[in-house]
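Given next are the chains, with one letter for each unit.
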Amino acid sequence: MAIVTMSQINAAGDGSEVNLKARTVRWTGDAAYPDAGSAITTILRTTCEDGGVVPVACVPGDCGIYRPIVTETPAVLRTGVAAWPVADQNGNTVIYKLNGGAAVTVTLAGAHTTAAHLATSLNAEAGIHAYDDGTQVTVKTDRTGTGASFQVTGGTANAVYLFSTTAVTGTADKLVKVMTEANVDAGANVVSTDLSATEFNATFLCE
């Protein structure tokens, strides 16, 4: 269908109150990138927040097959295991609620003695991703912002995994995610994604 008429409603610098600043940055990715790797988070903080501005959008430059974006933070919860490996939790359960929804029961099948075992099982669940962070299993929601929440409410395996049963929520704080060509977080449901050979450059629009 052809456009017959078009009119401008508002535009930055044309009577609006929009006042954006642009910060262009180059950086190299992390060797292990589960979700918003530390180097990328540091770049964002030192470039934008330390300058007294808040990033609201990102215009990627040449980043190969990847695309950095600005997003809000997810809900994050970690296990509290004293040391891995643990007693085998095969057949035991983890019960959780995601984003205020109904309780979901995960029945663990097969050997579950390592952090990688648990992370793999939780990654099979929709709406969350998990990984062995080197000390514990970290679980993050795919949803970000204040509408994101995650709560382990029980299950027989939690006597060993020791997730806190207090609900955690996302925040409006900004971070950078790296997306693939398929528009999927490069770290979601992947134990480790190596971006150390990838050079990123992008312009952050800040207010």
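Refer to the preceding data block for the structure.
Residues numbered from 1 in each chain as written. Predicted model: local features only at pLDDT ≥ 70, side-chain atom pairs only at ≥ 80, totals over all residues. Heavy atoms only, no water.

Colleague: Could you give me a rundown of the sheet that holds strand 11 (residues 199–206), with the residues and numbers involved?
Modeller: Pairing between sheet strands relies on hydrogen bonds along the backbone, with the strands arranged either parallel or antiparallel. With antiparallel pairing, the 3 strands of this open sheet are ordered in space as 1-11-2. Each of the sheet's edge strands pairs with one partner strand only, and the pair in question is strand 1 (21–28) and strand 2 (55–60). Neighbour to neighbour, the strand axes of the sheet diverge by 30° on average, direction disregarded. In the sheet, strand 1 pairs with strand 11 via 8 bridges, with the strands oriented antiparallel. Within strand 11, the position partnered with Thr-28 by the bridge is Glu-199. (Pairing = 2+ DSSP bridges. Helix = DSSP H or I, 4+ residues; strand = E, 2+ residues; numbered from the N terminus. Axes fitted to C-alpha atoms, helices over the stretch in contact; angles between N-to-C directions.)

Colleague: Outline the side chain of Gln-136, supporting the account with residue identities and numerical values.
Modeller: Following the sequence through the fold, Gln-136 ends up in the loop between strand 6 (128–132) and strand 7 (137–144). What makes Gln-136 buried here is its relative accessible area of 8%. If we ignore the near neighbours within four places in the chain, the residues touching Gln-136 are Arg-78, Thr-79, Gly-80, Val-81, Trp-84 and Tyr-131. (Buried < 20%, exposed > 50% of the residue type's maximum accessible area, 1.4 Å probe, protein only. Contact = heavy atoms within 4.5 Å.)

Colleague: Tell me about the environment of Val-176, and please be specific about residues and values.
Modeller: One can find Val-176 in strand 10 (residues 171–179). Expressed as a C-alpha distance, the spacing of Val-176 and Thr-73, which sit 103 residues apart in the sequence, is 9.1 Å.

Colleague: Tell me about the pattern of salt bridges, and please be specific about residues and values.
Modeller: The final tally for this structure, using the stated rule, is 2 salt bridges. The partner of Arg-26 in a salt bridge is Glu-199, and the shortest N-O contact between them spans 3.3 Å. Placement of the pair is Arg-26 in strand 1 and Glu-199 in strand 11, with a sequence separation of 173 residues. Notably, a salt bridge pairs Arg-78 with Asp-133, separated by 2.9 Å at the nearest N-O pair. Taken together, the residues Arg-78 in strand 3 (residues 67–78) and Asp-133 in the loop between strand 6 and strand 7 connect sequence positions 55 residues apart. The class for Arg-78 is partly exposed, based on a relative accessible area of 39%. The class of Asp-133 is partly exposed, set by a relative accessible area of 29%. (Salt bridge = Lys/Arg side-chain N within 4 Å of Asp/Glu carboxyl O.)

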